[in-house]
Amino acid sequence: VHPGDATLAAGDSLRIVVTSEGRLRPATVEAELIYGDGTTETVRLAPNALGAFVHTVRDVRRPLRYRIAADPVETETYRVNVRRRPAVETLRLTVAPPSYTGEAAAALAPGVGDVTGLRGTRVSVSVDVQGDDLEAAYLDFGNGKVPLNLSNGRVTGGFTVAREGSYRVVVVSK
């Protein structure tokens, strides 16, 4: 049985593949899906061209357990854990024009990410993020990346406006 126990990101698919050994192949193979609220679903796995039995559970958003039955054999129960994907909750930018302009730094409205500024304008970035097992964050400018600090669900850092372009905030989980 593949994958056995697994961890998925929310929304991923679980592809279950069962192979049999020996001369006798089972006539039917079924998977019993057991959800956290106690509901169950039994699905018949379809044989593929190589003789393996396959079923894909699409858009898995909550933990589940499953076991396989191919009369008279029944497997152990496998666990599938689901992690939340990284998600940007709130984006906050502060724009500080070059000192020669005499203009003060200004905070943009929360959620506003479009920046207009003179070359040399410093942009401070603060992002509240959610997700499980967050590992890293960076600004992606298409032709280069600027690492960001990640601590307790908040990403901070910044960049200096050098030319016209675009960026995106990328948060990576394990």
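What you see is a predicted model; the values in this text were computed from it and never measured.

Chemist: Account for the pattern of salt bridges, naming residues and giving values.
Modeler: Throughout the structure, instances matching the rule amount to nine salt bridges. Measuring nitrogen to oxygen at the nearest pair gives 2.6 Å for the salt bridge that ties Glu 32 to Arg 67. Of this pair, Glu 32 sits in strand β3 (residues 30-35) while Arg 67 is found in strand β7 (residues 64-70), placing the two residues 35 residues apart along the sequence. The class of Glu 32 is partly exposed, set by a relative accessible area of 21%. For Asp 59, the salt bridge identified is with Arg 61, shortest N-O distance 2.9 Å. A relative accessible area of 42% places Asp 59 in the partly exposed class. Taking relative accessible area as the criterion, Arg 61 reaches 55% and is therefore assigned exposed. Sharing partners across several salt bridges, the network here consists of Glu 32, Arg 67 and Glu 74.

Chemist: Which residues make up the environment of Leu 33, and what are the values?
Modeler: Looking at the element boundaries, Leu 33 is found in strand β3. The class of Leu 33 is buried, set by a relative accessible area of 1%. As a C-alpha pair, Leu 33 and Tyr 78 span 45 residues in sequence and 9.7 Å in three-dimensional space. With sequence-adjacent residues up to four places away left out, Leu 33 is seen in contact with Ile 16, Thr 39, Thr 40, Glu 41, Val 57, Leu 64, Arg 65 and Tyr 66.

Chemist: Help me get a handle on the environment of Gly 142, residues and values and all.
Modeler: With respect to the helices, strands and loops of the structure, Gly 142 is situated in the loop between β13 (134-140) and β14 (145-151). Given a relative accessible area of 72%, Gly 142 falls into the exposed group. Spatially, the C-alpha atoms of Gly 142 and Asn 48 are 41 Å apart, while their sequence positions differ by 94 residues.

Chemist: I'd like a description of the pairing of β3, backed by residues and values.
Modeler: Pairing between β3 and strand β4 (residues 40-44): five bridges, direction antiparallel. The partner of Glu 30 across the bridge, within β4, is Arg 44. As consecutive antiparallel partners, β3 and β4 are separated by four residues, and within that stretch Gly 38 has a phi angle of approximately 95°, a positive value. Pairing geometry for β3 and β7, over six bridges, is antiparallel. The residue of β7 that forms the bridge with Glu 32 is Arg 67.

Chemist: Please provide a residue-by-residue account of the nonpolar core, values included.
Modeler: Residues Leu 14, Ile 16, Leu 64 and Tyr 66 are the most contacted members of the largest nonpolar core, which totals 21 residues. The element best represented in this core is β7, accounting for four residues. Among residues more than four places away in sequence, those in contact with Tyr 66 are Val 1, His 2, Pro 3, Gly 4, Leu 14, Ile 16, Glu 32, Leu 33, Glu 76, Thr 77, Tyr 78 and Val 80. Residues Val 125, Leu 139, Phe 159 and Val 161 belong to the second largest nonpolar core, which totals 13 residues.

Chemist: Can you break down the pairing of strand β9 (residues 78-83) residue by residue, with the values?
Modeler: Where strand β1 (residues 6-9) meets β9, four bridges bridge the pair, whose relative direction is parallel. Pairing of Thr 7 across the sheet is with Asn 81, part of β9. Two strands pair when backbone bridges link them, and β7 and β9 are joined in this way by three bridges, in the antiparallel orientation. Note on β9: the bridge partner recorded for Leu 64 is Val 80.

Each value, and the rule that gives it
- Residues numbered from 1 in each chain as written.
- Predicted model: local features only at pLDDT ≥ 70, side-chain atom pairs only at ≥ 80, totals over all residues.
- Heavy atoms only, no water.
- Salt bridge = Lys/Arg side-chain N within 4 Å of Asp/Glu carboxyl O.
- Helix = DSSP H or I, 4+ residues; strand = E, 2+ residues; numbered from the N terminus.
- Buried < 20%, exposed > 50% of the residue type's maximum accessible area, 1.4 Å probe, protein only.
- Contact = heavy atoms within 4.5 Å.
- Pairing = 2+ DSSP bridges.
- Core = buried A, V, L, I, M, F, W, Y, C linked by side-chain atoms within 4.5 Å.

In short, the description is geometric, and any link to function would need to be established separately.
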